Amino acid sequence: MARITLRQLLDHAAERGYGVPAFNINNMEQGLAIMEAAAAVDAPVIIQASRGARAYAHDIMLSKMIDALEEMYPHIPLCLHQDHGNEESTCATAIKHGFTSVMMDGSLKADASTPADYDYNVAITRRVVDMAHWIGASVEGELGVLGSLEHGGGEQEDGHGVEGEVSHDQLLTDPDQAVDFVQATGVDALAIAMGTSHGAYKFSRKPDGEILAMKVVEEIHRRLPNTHLVMHGSSSVPQHLQDAFNAFGGEMPQTFGVPVEEIVRGIGHGVRKVNIDTDCRLAMTAAFRKVATQTKSEFDPRKFLKPAMDALRALCRERFEQFGTAGNATDIKVIPLSEMAKRYRSGALDPGVGRAAAA
């Protein structure tokens, strides 16, 4: 049994001082490449699925696929996480289909595009926490609206993301409010807004403190040293992948992602989960384009998918090594959901300010 909760995994990461990349998937090839990379470097894994991915692949297919990956790699702790749940039912059905962790993104209303007020966020997140903890599953919440400090707006991805212009204050998580939010909701992890956004077009230049507010991460960690922080929209959009994509017919304008060195800086200040999707898509589609361009007569999908899997595997392995995840899988003894539920009920996992609360 290698299925692990987000809470247990991030507690271990905090104890050892590493971060865990969370890779989004839609299909078998992505799942295999991620797990092959993890097995190669002995890294625990977070695989996450958005509502869009669940609609694309279907819950039953995703659930059975994760079962297969778990059976193939029983020595690799695997957390299956719902990315950006928009309402209670999204989180409840995820847990029904074997997700051990859910994100309730109450920063937006159920339409996944309209900013919600603070009281709404607290109330809906608390309801999801109560539901999930009752069976031992973990909950990630979000405070602040994910979006660009550079142009003042968000980016839709898989139908999720703020629409229109939002204020500068909404795009930065308030550290005082973060303390209140964690205590009021009991979340296991907190996604914070600090200038990152979905998609490839995050920054028009290499980000500095003006448009990537790492100081917000540091201040929240200072006030909540035992809360696991999450960086969303943290693909680095490497130049070599942009170049490979464009070399074979792509038309991606020059863009900049979140530098790996800034993510590593965040890991040193409480960031334990790092969401990565665009990099994975770019690695695979650059490989597709290469095959389609160089071998125009090719029609076997496997001839496209195998090099794409190779590219994704290499990317994942690199992130496991850069974030310090590598080498930690075999040290983790997975705690089952039933035991986690008992620990939640006992209060042992309640959030604390200035004190440890580990599984």
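So, here is what we can say about the structure in this document. Here the structure is a predicted model, which means the values were calculated and not measured. Numbers given for residues are sequential positions, taken from 1 along each chain in its written order. Local features in a predicted model are, by the rule used here, given only for residues with pLDDT of at least 70; side-chain atom pairs are given and counted only at 80 or more, and totals for whole chains, interfaces and linings are based on all residues. To obtain the side-chain values, all non-hydrogen atoms of the structure were included, while hydrogens and water were left out.

### A closer look at the overall build of the protein
Phase 1 of the analysis: Note on conventions: DSSP H or I runs of at least 4 residues are helices, E runs of at least 2 residues are strands, and numbering of each starts at the N terminus. A tally of regular secondary structure across the protein gives 13 helices and 8 strands.
Phase 2 of the analysis: Radius of gyration (C-alpha) of the protein: 19 Å, near the 21 Å computed for a compact globule of 359 residues.
Phase 3 of the analysis: Each principal axis of the C-alpha distribution contributes one length, and for the protein these read about 60 × 45 × 35 Å.
Phase 4 of the analysis: Under the scheme applied here, a residue whose accessible area is under 20% of the maximum for its type counts as buried, over 50% as exposed, and between as partly exposed, the area being computed with a 1.4 Å probe on protein chains only. Out of the 359 residues in the protein, the part that is buried amounts to 58%.
Phase 5 of the analysis: The Shrake-Rupley method, run with a 1.4 Å probe, gives the accessible areas here. Residue values count only the displayed protein chains as cover. Counting every atom, the protein has about 14200 Å² of accessible surface; 53% of that belongs to carbon and sulfur. Computation of the radius of gyration draws on C-alpha atoms, with the globule rule given as 2.2 Å multiplied by the number of residues to the power 0.38.

### Thoughts on helix α11 (residues 278-294)
Phase 1 of the analysis: Working rule for helices: expected span equals 1.5 Å times residues minus one. Taking 1.5 Å per residue as the helical rise, α11 with its 17 residues ought to reach 24 Å, and the 24 Å between its terminal C-alpha atoms agrees with that figure.
Phase 2 of the analysis: Two residues form a contact once any of their heavy atoms are found within 4.5 Å. Summarising the contacts, the buried residues of α11 are in contact with β1 (20-24), α2 (28-41), α9 (239-247), β8 (271-276) and α12 (301-322).

### Here's the deal with the pattern of salt bridges
Pairs can form between side chains of opposite charge once their charged atoms are near each other.
Phase 1 of the analysis: The term salt bridge refers to a pairing of a side-chain nitrogen on Lys or Arg with a carboxyl oxygen on Asp or Glu at a separation within 4 Å. In this structure the tally under the stated criterion is 24 salt bridges.
Phase 2 of the analysis: Ionic pairing is found between Glu-219 and Arg-222, a salt bridge with its closest N-O pair at 2.7 Å. Linking Glu-219 with Arg-222, this pair stays in helix α8 (residues 214-223), spanning 3 residues, or about one helical turn.
Phase 3 of the analysis: Given the relative accessible area of 58%, Arg-222 is considered exposed.
Phase 4 of the analysis: A salt bridge links Arg-313 to Asp-310; the shortest N-O distance between them is 2.9 Å. Taken together, the residues span about one helical turn, with Arg-313 and Asp-310 both in helix α12 at a distance of 3 residues.
Phase 5 of the analysis: Note on Asp-310: relative accessible area 42%, which makes it partly exposed.
Phase 6 of the analysis: Counted as one network, the salt bridges with shared partners bring together Asp-176, Glu-219, Arg-222 and Arg-223.

### Side note on the sheet that holds strand β4 (residues 101-104)
Phase 1 of the analysis: We call two strands paired when DSSP finds no fewer than two bridges between them. One closed barrel holds the 8 strands; their spatial order is β1-β2-β3-β4-β5-β6-β7-β8, and the pairing between them is parallel. Within the sheet, the average angular offset between the axes of one strand and its neighbour, ignoring direction, is 25°.
Phase 2 of the analysis: Where β1 and β8 come together, 4 bridges link them in parallel fashion. Across the sheet, residue Pro-21 finds its bridge partner in β8, namely Val-274.
Phase 3 of the analysis: Note on geometry: axes are C-alpha line fits, over the in-contact stretch for helices, and angles between N-to-C directions span 0 to 180 degrees. Seen against the sheet, helix α7 (residues 175-185) touches β5 (138-143) and β6 (189-192) and runs at an angle of roughly 150° to β5.

### Notes on the packing of aromatic side chains
The description of an aromatic ring pair rests on the distance of the ring centres and on the angle between the ring planes.
Phase 1 of the analysis: Two aromatic rings from Phe, Tyr or Trp, using only the six-membered ring of Trp, form a pair when their centres are within 6.5 Å; if the ring planes differ by under 30 degrees the pair is stacked, by over 60 it is edge-to-face, and anything between is tilted. What the rule picks out here adds up to 2 aromatic pairs.
Phase 2 of the analysis: Geometrically, the ring pair formed by Phe-23 and Phe-320 is edge-to-face, given 5.7 Å between the ring centres and 90° between the ring planes. Here Phe-320 lies in helix α12 and Phe-23 lies in strand β1, a separation of 297 residues in the sequence.
Phase 3 of the analysis: Ring geometry for Tyr-118 and Phe-181: centres 6.3 Å apart, planes at 55°, overall tilted. On the criterion of sequence distance, the pair formed by Tyr-118 in helix α6 (residues 118-135) and Phe-181 in helix α7 is long-range, its members being 63 residues apart.

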